[in-house]
Amino acid sequence: MKAEQKVMPDAESLIEAATEQFVASARSAIAKRGVFHVALAGGSTPKGLYQKLATSPYVEQIDWSRVHLFFGDERCVLPTHEDSNFKMAREAMIDHIAIPQENVHRMPTEEGVAPEVAIRYSRTLADTLDGAPLDLVLLGLGPDGHIASLFPDTEALDVTDRMVTSLYVDKFDSWRATMTYPTINAARQVIVFIGGEAKAPIVKDITTNAVEGLPVQRLAPQGEYYWYMDKAAAGQ
Ligand code: 6PG
């Protein structure tokens, strides 16, 4: 599935462009349906985006009381653990915006083992979305082509009967819970957010079709699909 690529000159302009896209998506969803359901990405790349969203002039452009935040994936650690995607987003953004606590849906990683976390989060997603798709799914891109916690050569790639699944990731010696392809693909918008020259090799491999079948290449968004990159990641 081809994405519309947006290449910005540098890291700061990439964050600004992605922030503007996020604000526009939120305002459009709230205007049309009164709510904005968005799944946040983990890792390090989106931290600057979350910080920017929590500052003027962007923070006041979104009615946060109409926003529901989800997570595309989570490390199965406590929400206070340094590896927690929720902790990163809370510190960068959630603690600094006027969003009702009940609208922040983190994966309940303290409530059980990974498979149980996945079952509970699937239920949270289904109950909150009530049959609607997510409005926006933000994803980072791993150097091995993974998105969310859909890692290469894992069974998670083939799970289609659940909204969230779990897996043990050997290379990180950690359990993860992740949204599955059906959940991500159904979103009205999918944005893969890629920054820095460390991602240039994987971006080049994918955009020149030197590799195939990587998790990000198996994405098939039914809605709008964008790659937001800086020139360093785009290899320019
Ligand atoms: C995670 C993320 C993961 C991340 C990529 C890119 O839990 O780590 O969901 O998919 O987006 O690994 O990570 P960086 O942004 O740190 O390069």
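Residues numbered from 1 in each chain as written. Predicted model: local features only at pLDDT ≥ 70, side-chain atom pairs only at ≥ 80, totals over all residues. Heavy atoms only, no water.

Before we go on, may I ask you to explain the pattern of salt bridges in this structure?
Pairs can form between side chains of opposite charge whenever their charged atoms are close. Within this structure, the stated rule accounts for 15 salt bridges. Linking R90 and E91 is a salt bridge whose minimum nitrogen-to-oxygen distance equals 3.9 Å. We classify R90 as partly exposed; its relative accessible area is 25%. Since its relative accessible area comes to 40%, E91 is described here as partly exposed. Taking the shortest distance from any N to any O, the salt bridge between D161 and R162 comes out at 3.0 Å. Taken together, the shared-partner salt bridges connect K87, R90, E91 and D95 into one network. (Salt bridge = Lys/Arg side-chain N within 4 Å of Asp/Glu carboxyl O. Buried < 20%, exposed > 50% of the residue type's maximum accessible area, 1.4 Å probe, protein only.)

Got a minute to help me understand the side chain of D144 in this structure?
In this structure, D144 sits in the loop between β5 (136-139) and β6 (164-169). A distance of 2.6 Å separates the side chain of D144 from the side chain of H146, its partner in a polar contact. Not counting residues within four places of it along the chain, the set of residues in contact with D144 comprises F151, P152, K171, I202, L214 and P215. (Helix = DSSP H or I, 4+ residues; strand = E, 2+ residues; numbered from the N terminus. Polar contact = N/O pair within 3.5 Å; in protein donor to acceptor, adjacent residues only side chain to side chain. Contact = heavy atoms within 4.5 Å.)

Hey, could you run me through the packing of aromatic side chains in this one?
Two numbers describe a pair of aromatic rings. These are the distance of the centres and the angle of the planes. Applying the stated criterion to the full structure yields six aromatic pairs. An angle of 85 degrees between the planes, with centres 5.4 Å apart, marks the rings of F22 and F36 as edge-to-face. Remark: F36 occurs in strand β2 (residues 36-40) and F22 occurs in helix α1 (residues 11-33); sequence separation between them is 14 residues. In this structure F36 comes out as buried when scored by relative accessible area, which is 0%. Seen from the ring of F86, R106 lies directly overhead, with NZ or CZ sitting 5.6 Å from the centre. (Phe/Tyr/Trp six-rings, centres within 6.5 Å; stacked < 30°, edge-to-face > 60°. Lys NZ or Arg CZ within 6 Å of the ring centre and 35° of its normal.)

What is the right way to look at the pairing of strand β7 (residues 174-179) in this model?
Note on strand geometry: in a regular strand, side chains alternate between the two faces of the sheet. Counting buried residues along β7, five of its six residues qualify, which places the element largely inside the surrounding structure. From the end of β6 to the start of β7, which pair antiparallel, there are four residues, and D173 there has a positive phi angle of about 45 degrees. (Pairing = 2+ DSSP bridges.)

Even after reading the chapter, I still don't get the sheet that holds β5, so can you show me in this structure?
For sheets, the rule is that strands pair by backbone hydrogen bonds, running either parallel or antiparallel. Across the sheet, six strands lie side by side as β1-β9-β8-β5-β2-β3; this open sheet has parallel pairing. Looking at the sheet topology across the chains shown, the edges are occupied by β1 (4-8) and β3 (67-71). Across the sheet, the mean angle from the axis of one strand to that of its neighbour is 20 degrees, orientation sign disregarded. For β5 and strand β8 (residues 189-194), the ladder comprises four bridges, and the chain directions are parallel. The residue bridging L136 from the neighbouring strand is Q189, located in β8. (Axes fitted to C-alpha atoms, helices over the stretch in contact; angles between N-to-C directions.)

Distances and angles like these do not, on their own, reveal function.
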